[in-house]
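Here are the chains, one letter per residue:
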Amino acid sequence: MSALAETIQLRMQIHELIDLARGWGLSEFDLNNAFEALEHNEFGVGLDIVLVHLFERNVGVDDTFILKAREACSGMEIEWDQYKFVEALAMRD
């Protein structure tokens, strides 16, 4: 995959996570900060804002969100271990 294609894919993944976080109830302030990071190609910062602030605000997410977050980390070669705390937010039936 070309560098441009990888960048586009990462942008789409982070954008999707931000949109999902909106649905889970993350604040507009946090969402705007994540989108601003995304606009400046700071994909890791955008991801970090979403994951850390969901956790800080104890916002529940589903397993699909966690899978997508893991995939985004993998795409940026970020170790999931530093965000593993997000798994505690997964809502269980």
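Small disclaimer: the values here were computed from a predicted structure and weren't measured.

Definitions and limits used
Residues numbered from 1 in each chain as written. Predicted model: local features only at pLDDT ≥ 70, side-chain atom pairs only at ≥ 80, totals over all residues. Heavy atoms only, no water. Helix = DSSP H or I, 4+ residues; strand = E, 2+ residues; numbered from the N terminus. Expected span 1.5 Å × (residues − 1). Buried < 20%, exposed > 50% of the residue type's maximum accessible area, 1.4 Å probe, protein only. Arc of directions from axis to C-beta. Contact = heavy atoms within 4.5 Å. Salt bridge = Lys/Arg side-chain N within 4 Å of Asp/Glu carboxyl O.

**Considering helix 4 (residues 63-75)**
Here is step 1: Here helix 4 spans 18 Å end to end across 13 residues, near enough to the 18 Å set by a 1.5 Å rise per residue.
Here is step 2: Along helix 4, the residues classified as buried are F65, I66, A69, A72 and C73. Down the axis of helix 4, the sector holding all buried residues measures 120°, keeping them to one side.
Here is step 3: In this structure, the buried side of helix 4 is in contact with helix 1 (3-24) and helix 3 (43-56).

**Some details on the pattern of salt bridges**
Proximity of charged atoms lets side chains of opposite charge pair with each other.
Here is step 1: Inspection of every chain in the model, using the stated rule, returns seven salt bridges.
Here is step 2: In this structure, R57 and E56 form a salt bridge, with 3.6 Å as the shortest nitrogen-oxygen distance.
Here is step 3: Judged by relative accessible area, which is 38%, R57 ranks as partly exposed.
Here is step 4: Among the salt bridges present, the one from K84 reaches E87, with a minimum N-O distance of 3.7 Å.
Here is step 5: Taking the relative accessible area as the measure of exposure, K84 reaches 42% and is therefore partly exposed.
Here is step 6: One salt-bridge network, in which partners are shared between bridges, spans D19, R22 and E28.

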